[in-house]
Amino acid sequence: MPEEIAVPTRRTMLLAAPALLLGRSARAQVDALATEAAGLGPVIWYESTPSDLANQVAAAFGRRYPRIALRHVRDSGGNAMSARIIQESQGGARTADVATNSASVFWPLAQRGLLEGADWAALGATPSMAPTPYSLLATASVFVLLSNTKLVPEAEAPAGWDALLEPRWRGRIGVWQRTEPFVSLAALWGPERVADYLGRLSAQLPFLFPSTFPLAQQVAAGEVAAGVGIYHAALPAISRGAPLRYLVPEPAPISSLYSFMPKAGRNRPGGKLFSLWLATEEGALAYEAATGRGNPLIAATRTAQLLAGHTSVEQKPEDADATLPLIERYDAILRQTGQAAPSK
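We now turn to the structure provided with this report. (Residues numbered from 1 in each chain as written. Predicted model: local features only at pLDDT ≥ 70, side-chain atom pairs only at ≥ 80, totals over all residues. Heavy atoms only, no water.)

The subject of this paragraph is the environment of Ala99. Inspection of the secondary structure puts Ala99 in strand 4 (residues 98-101). Taking the relative accessible area as the measure of exposure, Ala99 reaches 0% and is therefore buried. Residues Ala99 and Pro262 lie 163 residues apart in sequence; the distance between their C-alpha atoms is 8.0 Å. (Helix = DSSP H or I, 4+ residues; strand = E, 2+ residues; numbered from the N terminus. Buried < 20%, exposed > 50% of the residue type's maximum accessible area, 1.4 Å probe, protein only.)

This is the structure:
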């Protein structure tokens, strides 16, 4: 295989810099945002978490800012969120004041001029937290290797990407049918090395799952022995005592989710304030406690600790236009010989 190339998207965890540096000026601006937001009605938040869990985040935000109501609207359709915001913005309908999603969702909105920019540095955010004027890092999904502890002894569990290509895993592994972890890997490995890897992984006859939650459940149930999943999607099964283990591979692909604010929102100061709060230790821990996803740049989160010592990789937000074709290309490679996931 070709030699790995270092690119600007490569980040080694754990980062020591604090996420927000609230000096006197930044704190005054944040306080002004809170005062303004309190007079503009509720803050509408589009995000994919089930509302019973997201409401725990809203309650924590309410304890910090009791005069501001945060209302969660679940939107689990991925890229459908951007279509919704476009339609609502153009039609003059009530839309989100803040939303949380990936760069592939917010970047097309920014290009259309539909997002509110912010001087995040003036508000205390470090450059790593605010890669664009339109986004502030909220959380991240961490891709992991899963295995069933009853079927696979610990010493035999897949410990890296090449391990999944061993003949013993043929017909015994599960993979998310959307190849986002491999698109993240392409930021370090390069697109062609990943395409070659996926061709060989496809030859293993993997089971393709529509979501990483049922993937983790089926590994835990022993329907498949191992797989490529997401850390937070595996937590519910693990918390119930299921025979499921996870391992962070090297390099570790992640998928960052960002806060962003549609211009058509009615309480944009509230959206900005909530974005900033999520980027604090208090907000990040509240979000992680509810969802299992934490901010990898905030040292107190379990997510940051999980990635400590690993090279985390992902595409840059501004490369979103090039990322979508990679997803389509890689998805097609997996579909060549991938099997339908078990239905149990």
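Let us keep going from here.
Right, let's get into the pattern of salt bridges. A complete count under the given rule lists 10 salt bridges for this structure. The salt bridge partner of Glu47 is Arg293, with a shortest N-O separation of 3.3 Å. Within this pair, whereas Glu47 is found in strand 2 (residues 43-47), its partner Arg293 is found in the loop between helix 10 (281-291) and helix 11 (302-307), the two being separated by 246 residues in sequence. Just as Glu47 is buried, Arg293 falls in that class too. The residue Arg200 makes a salt bridge to Asp196 at a minimum N-O spacing of 3.7 Å. (Salt bridge = Lys/Arg side-chain N within 4 Å of Asp/Glu carboxyl O.)

Okay, the environment of Arg266 next. Within the secondary structure layout, Arg266 lies in the loop between strand 10 (252-260) and helix 9 (268-278). For Arg266, a relative accessible area of 53% translates into the label exposed. Residues Arg266 and Asp97, spaced 169 residues apart in sequence, show a C-alpha to C-alpha distance of 6.3 Å. Here Arg266 is in contact with Leu40, Arg94 and Asp97, once residues within four sequence places are set aside. (Contact = heavy atoms within 4.5 Å.)

A few words now on the pairing of strand 5 (residues 136-148). Where a strand is regular, its side chains alternate between the two sheet faces. Burial runs high along strand 5: 13 of the 13 residues are buried. Of the pairings in the sheet, the one linking strand 5 to strand 10 comprises six bridges and is antiparallel in character. Looking across to strand 10, one finds that Val142 is bridged to Ile254. Relative to strand 8 (residues 226-230), strand 5 runs antiparallel, the two sharing five bridges. What sits directly across from Val144, in strand 8, is Gly229. Pairing analysis gives four bridges linking strand 5 to strand 9 (residues 244-247), with the strands arranged antiparallel. Of the residues in strand 9, the one forming a bridge with Leu146 is Tyr246. (Pairing = 2+ DSSP bridges.)

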